[in-house]
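Spelled out, the chains give:
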Amino acid sequence: MSIEIKTVGVIGAGQMGSGIAHVSALSGFTVYLNDISEDRINSGLASINGNMSRQVSKGLITEADKTAALARIKPAAGYKDLKDCDLVIEAATENEAIKRQILVEVCTHLRPDALVASNTSSISITRLGAATDRPEKFLGIHFMNPVPIMQLVEMIRGIATSDETFKSAMAYVDKLGKTTTVSEDFPAFIVNRILMPMINEAIYTLHEGIGTVHDIDTGMKLGANHPMGPLQLADFIGLDTCLSIMQVLHEGLADSKYRPCPLLVKYVEAGWLGRKTKRGFYDYRGETPVPTR
């Protein structure tokens with residue numbers, strides 16, 4: 001029997017988790033937002049507030065919509081606070097060991113009929129589902145970043161995901177007003193399977209001295225009509241996330257064409273992860289971003 005989703009738990013109050021909480025609350029769902037510390041939850045709530053204020057100033061929502069949505073988001077200090085949720089979405093960092101640990105722990109606090117999903121952008125849903133006590137009630141719901149703006153959600157079934165689970169999750173995403181694509185459970189699914197090798201190739205183009213950061217990004221923006229150059233986009237996504245997805249592709253498909261560019265590895269080792277650390281392929285510490293190569 002499919003379950004009607006009314007209450008949603010979100011684990012991880014970072015960029016993705018706070019975005020999922022934002023759109024869920026605006027669409028009328030009660031949301032419980034969890035993270036490893038109160039500070040992180042508060043910072044997630046502050047960014048949701050700021051993003052909703054921006055939507056109000058653009059006339060996309062009213063002040064009343066914002067007030068009502070914010071009132072629907074409750075801080076959840078521990079997993080036990082998620083006990084009444086119909087659906088719990090894990091939106092932690094793109095690291096399989098961390099995700100598995102969260103999923104194993106959280107399931108012990110949930111109702112037996114509650115659905116569980118991961119917002120992973122690349123990791124096997126079948127494998128993550130197998131770590132839970134409910135693989136048939138587990139699936140991938142992969143939102144795009146930034147969640148309030150991006151129209152697409154990738155839906156991924158694991159080998160055990162039941163039809164009822166999938167239908168209930170699809171109904172939830174429909175209520176968010178998002179468009180879904182359905183992907184088979186293979187490394188990086190559809191969007192990142194195509195996007196990440198392109199970004200990786202752009203980094204190779206820089207690494208081999210074929211073009212500068214400026215030339216590569218300008219070339220793709222004006223030559224392929226991309227709204228953002230691939231290196232600018234990599235900085236926006238986070239170079240650590242780009243590297244983890246390339247590693248998942250390389251290990252999962254065992255094909256040398258997915259080998260992460262050594263320059264990408266070097267930037268991540270330097271802690272230059274893009275916008276979030278103020279340096280990546282661009283330096284964001286001044287008035288305007290300046291290429292770092």
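Treat the numbers as computed from the prediction; the structure is a model and nothing was measured.

### Let's talk about the overall build of the protein chain
Assigned secondary structure in the protein chain consists of 11 helices and 10 strands. Over its C-alpha trace the protein chain gives a radius of gyration of 19 Å, about what one expects of a compact globule, namely 19 Å for 293 residues. Dimensions of the protein chain along its principal axes, counting C-alpha atoms only, are 55 × 45 × 35 Å. Buried residues in the protein chain amount to 47% of all 293 residues. If you take every contact in the protein chain between residues at least 6 apart in sequence, the share linking residues at least 24 apart comes to 65%. For the protein chain, the distance from the average position of its 30 positive side-chain charges to the average position of its 33 negative side-chain charges is 3 Å.

### Considerations on helix α10 (residues 239-253)
Spanning 15 residues, α10 covers 21 Å between terminal C-alpha atoms, matching the ideal 21 Å at 1.5 Å per step. Contacts made by the buried residues of α10 are with α7 (191-207), α9 (230-237) and α11 (262-269). Looking one or two residues beyond α10, the residue adopting positive phi is Ala254, at roughly 50°.

### Quick word on the UniProt feature "domain: 3-hydroxyacyl-CoA dehydrogenase NAD binding" (unreviewed entry) in the protein chain
UniProt records the feature "domain: 3-hydroxyacyl-CoA dehydrogenase NAD binding" (unreviewed entry) for residues 7-185 in the present numbering. The annotated region residues 7-185 carries 41% helix and 22% strand content, and the separation between its end C-alpha atoms amounts to 26 Å.

### As for the sheet that holds strand β4 (residues 87-90)
Strand order in this open sheet of 8 strands is β3-β2-β1-β4-β5-β6-β7-β8, and the pairing throughout is mixed. Strand pairing shows two members of the sheet lacking a second neighbour, β3 (73-76) and β8 (179-183), which therefore form its edges. Adjacent strand axes in the sheet meet at a mean angle of 25° when their direction is disregarded. Here strand β7 (residues 152-157) pairs with β8 via 5 bridges, running parallel. Its bridge partner lying in β8, Ile156 is registered against Ser183. Each of β1 (7-11), β4, β5 (115-118) and β6 (138-143) touches helix α4 (residues 96-107); the most contacted strand, β4, lies at about 160° to it.

### Considerations on the UniProt feature "domain: 3-hydroxyacyl-CoA dehydrogenase C-terminal" (unreviewed entry) in the protein chain
The feature "domain: 3-hydroxyacyl-CoA dehydrogenase C-terminal" (unreviewed entry), as given by UniProt, occupies residues 189-284 in the numbering adopted here. Annotated as residues 189-284, this span is 61% helix and 2% strand, and its ends, taken at the C-alpha atoms, are 31 Å apart.

### Digging into the environment of Val10
If you trace the backbone, Val10 turns up in strand β1. What makes Val10 buried here is its relative accessible area of 0%. Between the C-alpha atoms of Val10 and Asp35, which are 25 residues apart in sequence, the distance is 8.6 Å. When neighbours within four sequence positions are excluded, Val10 is seen to be in contact with Gly17, Ile20, Ala21, Val31, Tyr32, Leu33, Asn34 and Ile89.

### A word on the pattern of salt bridges
Counted according to the given criterion, the structure contains 14 salt bridges. When the shortest N-O distance is used, the salt bridge between Glu90 and Lys99 registers 2.6 Å. Asp113 is the partner of Arg111 in a salt bridge, and the nearest nitrogen-oxygen pair spans 2.8 Å. Arg111 gets classed as partly exposed once you look at its relative accessible area, which sits at 25%. Ionic contacts of the salt-bridge type, sharing partners, join the residues Asp86, Arg111 and Asp113 into one network.

What counts, and at which threshold
- Residues numbered from 1 in each chain as written.
- Predicted model: local features only at pLDDT ≥ 70, side-chain atom pairs only at ≥ 80, totals over all residues.
- Heavy atoms only, no water.
- Helix = DSSP H or I, 4+ residues; strand = E, 2+ residues; numbered from the N terminus.
- Rg over C-alpha atoms; globule rule 2.2 N^0.38 Å.
- Buried < 20%, exposed > 50% of the residue type's maximum accessible area, 1.4 Å probe, protein only.
- Contact = heavy atoms within 4.5 Å.
- Lys, Arg positive; Asp, Glu negative; His and termini not counted.
- Charge placed at Lys NZ, Arg CZ, Asp CG, Glu CD.
- Expected span 1.5 Å × (residues − 1).
- UniProt positions renumbered as here; feature names shortened; annotations may be inferred.
- Pairing = 2+ DSSP bridges.
- Axes fitted to C-alpha atoms, helices over the stretch in contact; angles between N-to-C directions.
- Salt bridge = Lys/Arg side-chain N within 4 Å of Asp/Glu carboxyl O.

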